[in-house]
Each structure stands twice: as C-alpha cells, then as structure tokens.
Amino acid sequence: MQFRNTRIQIVGILIGAFFLLGLEYITQPPLDHHSWRQTLTITIARNFLDNPNFFFLRMDIGGKTDGIMACEFPIFNYLLAGIFKLFGTHDWYGRLLNWSVSCAGLWFFYDIVRKCSNKRTALIALVAMMSSITFEYARKTMPDTFALSLVTMGVWFLWNYLEKRNPWHLAAGFILATCGILSKIPFLILLTFLMIPFFNKENEFKPKRNVVLAMGVTAACVGWWYYYWMPYLLDTFGNQLIWPVSLKDGAKTVLIDRANDSWRMLMEQPFHYRIPFLLSVMGLGLVWTGASARMKWFTVAYIVLFFLFTLKTGIVF
C-alpha cells in the first residue's frame, strides 16, 4: 500500500507539473496552426448562447441557411458555451478546457497501460505520451484530444467494471465513451483495449454482457448522429465539416494516388523523423513476441480499425 501511494503521488506530481507548464501563453488568440478550425469551434460555441439547440450547430457563414452545418456532436462546443455564459466570451477558454481534460486523461492512460503491462512501462508510456504529437493539439480549441481523453476515461471505467462489477463504473464508462466517440468517431478504436479484460476468463459473464449492451447503445447513438442526422443537415443546409469517402475511393486515394504522401503522413508527421518510427515498429515487434493471445488480438483489431478509418478519411488523412 505504501508503494502504491508513492507511485500515485509521483504520477500525480508529474501530470500536475505538466499541466502547469502547459499554461504558459494559454491566453494567446487562436492564430497558431489550425486557426480556421479553432475559430470555427469558438463561433459554434458562441452561437449556442443565442441559439442553444444542440442539434443545429451554427457557424458565422450562413446566408439563407443561418450557418447551420453538419458537424461532430458538439459536446465540446456546448461546454465552452457554458463557460462563456458564466465568465464571458474569451477565445482562450477553449484552450484551457481542452488542456484541462487532456491532462486529466493522462492518469487514465497511465493506468490502462499499467493494466496491460507493468508500472515501469506505464510510466515510460506516460512520458512518451506527454511529448508526443498528441499534445500539440491539446492546447488548441478543438475537440480532438478532448474526445481522446473522454474515451480513454470511458475505457478505464468499463475495464474496472468488468473486474470489480461496480455499476457506477459501468454508467461512467458508458457516458464518457459515448460522449468521446460522438465528439470524434475515430476514437472508437480505443474500445479495442476492452478485449484484454473481456477475454479474461476470470471475469464473469454478466458484466461482459452489460458492457456489450452499453456499447450497443453507444453504437446506436453514434450511428444515428453520423449516418442519419449529419447527412440530413448536409442535404438540408449544404454546409459540412467532415468529408468521409467510401472505402473504395479512400483506398484509391491513400494507397495509389497519394501513396507517397500517405507513407510520409504515417511515418514522419506523428514521429517527426524516421528513426523514432522505426524504433516504435521494433518495440511493437518485441512486445508481440512475448504477448499473450489477448494482447495479440487487441493489437490486430486496433491496427485493422485504424487502417479502415484511414481509408474512410481519404485525402484528409
């Protein structure tokens, strides 16, 4: 127990120090990379103050459409609108909201890796995560790392529910995972982590059934928004933020027409150089050689889903 408390304190201090360091220049206007996306997020949130209808998002370009557009589920925008209502409209509040939730998600990320491996690996992974491209987006007024963190938290609670059968964990996991996936649908990939406790024979059948039912409701909510409501908004008002393509068209773009760009985007942008990418591939290979069957199935499922989302995004990837 003494060691556990010390470990928690070390991780907490590390994340707390990282959070404080990230507050430097947090009040700067959204003029950095993705300035157009950050500005759009702010305007949608600000327009919620006058038109607080969750299902009709408004940007500041409209004409006859009043700016209503097809967009991700606006949880981030709605929370930001609430902050605007309480404290006034300042563009940097979006940065602080995203940074706070993203840093909170680090502890859950650490503990998931600990469950998958061990404490030392989890600590190394935590430091690597802090210095990764992920946190280039965590100080932007965008829902990307916000959604990533919500789904990470959701996975942690659902994993705990499978092991400890606390119904509050099921409820929290369902709400967080659903909100995160609705905010950014590609992060449903993180649900593959649940394959590890799900195929653990020591965990009982009933919690597994409940998690499957909960994720079925999540799938229904996400499917309704992205495959019914967003197409309806696009057909009715003609404005869109997301441009998904068919798997066939995506494969043609990613694997044939823009193959060189795709390889560069996969290798050089997230890792900044080829050597870190190659080291990561080597590390994955070493993990694979000693991994359990559950870890191997999880790895395969994660890679397959990632590849499918790559094809669905096409030129945007």
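A few points on the structure. Keep in mind the model is a prediction, meaning the values are calculated, not measured.

### Some details on the overall build of the protein chain
Each helix and strand counted, the protein chain has 13 helices and 2 strands in total. Whereas a compact globule of 317 residues would reach a radius of gyration of roughly 20 Å, the protein chain reaches 20 Å, a difference of no more than 12%. Each of the three principal axes of the protein chain carries a C-alpha extent, and together these read 60 × 50 × 45 Å. Relative to its full complement of 317 residues, the protein chain shows a buried share of 43%.

### Some thoughts on the nonpolar core
By size, the foremost hydrophobic cluster in this structure holds 77 residues, and its most contacted members are Leu106, Phe135, Val211 and Trp225. For this core, the element with the most residues is helix H6 (residues 144–164), which contributes 12 residues. Residues in contact with Val211, not counting those within four places in the same chain, are Leu158, Tyr161, Leu162, Leu170 and Leu194.

### Overview of the packing of helix H7 (residues 167–183) against helix H9 (residues 205–237)
Contact geometry for H7 and H9: axes closest at 10 Å, N-to-C directions at 25°. Taken together, the axes of H7 and H9 lie roughly parallel to each other. Crossing hand, H7 versus H9: right-handed. Mapping the contact onto sequence places Leu170, Phe174, Ala177, Thr178, Ile181, Leu182 and Ser183 in H7 and Asn210, Val211, Ala214, Met215, Val217, Thr218, Cys221, Val222, Trp225 and Tyr226 in H9. Of the residues belonging to the contact of H7 with H9, the class tally is 13 nonpolar, 4 polar and no charged.

### Concerning the packing of helix H4 (residues 93–116) against helix H5 (residues 119–130)
With their axes 8 Å apart at the nearest point, H4 and H5 run at an angle of 145° to one another. For the pair H4 and H5, the crossing hand works out as right-handed. Residues Leu106, Phe109, Tyr110, Val113 and Arg114 of H4 form the contact with H5, whose own contacting residues are Lys119, Thr121, Ala122, Leu123, Ala125, Leu126, Met129 and Met130. When grouped by side-chain class, the residues that make up the contact of H4 with H5 number 10 nonpolar, 1 polar and 2 charged.

### Observations regarding the pattern of salt bridges
Tallied over the full model, the rule gives 9 salt bridges. Notably, a salt bridge pairs Asp32 with Arg95, separated by 2.8 Å at the nearest N-O pair. You can see Asp32 sitting in the loop between helix H1 (2–21) and helix H2 (35–50) and its partner Arg95 sitting in helix H4, a full 63 residues away along the chain. Taking relative accessible area as the criterion, Arg95 reaches 1% and is therefore assigned buried. Here Asp111 and Arg114 are joined by a salt bridge, their closest N and O atoms 2.7 Å apart. Residue Asp111 and its partner Arg114 are located together in helix H4, separated by 3 residues, close to a single helical turn.

### Notes on a nonpolar patch on the surface
Nonpolar side chains collect at one region of the surface, where Leu247, Leu255, Ile256, Trp288, Val300, Val304, Phe307 and Leu308 lie side by side and expose about 700 Å² of accessible area between them. Broken down by secondary-structure element, the contributors of at least two residues to the nonpolar patch are helix H10 (247–257) and helix H13 (293–313). Here the nonpolar patch gets 4 residues from one element, more than from any other, and that element is H13. Looking at where Leu247 falls in the secondary structure, it is placed in helix H10.

### Considerations on the packing of aromatic side chains
Counted according to the given criterion, the structure contains 31 aromatic pairs. Ring geometry for Phe87 and Tyr93: centres 6.5 Å apart, planes at 75°, overall edge-to-face. Here Phe108 and Trp156 contribute two aromatic rings whose centre-to-centre distance is 5.2 Å and whose plane-to-plane angle is 85°, an arrangement assigned as edge-to-face. Taken together, the residues Phe108 in helix H4 and Trp156 in helix H6 connect sequence positions 48 residues apart. There is no split in this pair, since Phe108 and Trp156 are both buried. Taken together, Phe48, Phe54, Phe55, Phe56, Phe73, Tyr78, Trp224, Trp225, Tyr228, Trp229, Tyr232 and Phe237 form an aromatic cluster joined through their ring pairs.

Thresholds applied
Residues numbered from 1 in each chain as written. Predicted model: local features only at pLDDT ≥ 70, side-chain atom pairs only at ≥ 80, totals over all residues. Heavy atoms only, no water. Helix = DSSP H or I, 4+ residues; strand = E, 2+ residues; numbered from the N terminus. Rg over C-alpha atoms; globule rule 2.2 N^0.38 Å. Buried < 20%, exposed > 50% of the residue type's maximum accessible area, 1.4 Å probe, protein only. Core = buried A, V, L, I, M, F, W, Y, C linked by side-chain atoms within 4.5 Å. Contact = heavy atoms within 4.5 Å. Axes fitted to C-alpha atoms, helices over the stretch in contact; angles between N-to-C directions. Parallel < 35°, antiparallel > 145°, perpendicular 65-115°, else oblique. Left-handed = near helix turned anticlockwise from the far one by under 90°. Nonpolar A, V, L, I, M, F, W, Y, C, P; charged D, E, K, R; others polar. Salt bridge = Lys/Arg side-chain N within 4 Å of Asp/Glu carboxyl O. Patch = residues over 30% accessible without salt bridge, like charges linked within 9 Å, V, L, I, M, F, W, Y side chains within 5 Å. Areas by Shrake-Rupley, 256 points an atom, 1.4 Å probe, with all protein chains shown as cover. Phe/Tyr/Trp six-rings, centres within 6.5 Å; stacked < 30°, edge-to-face > 60°.

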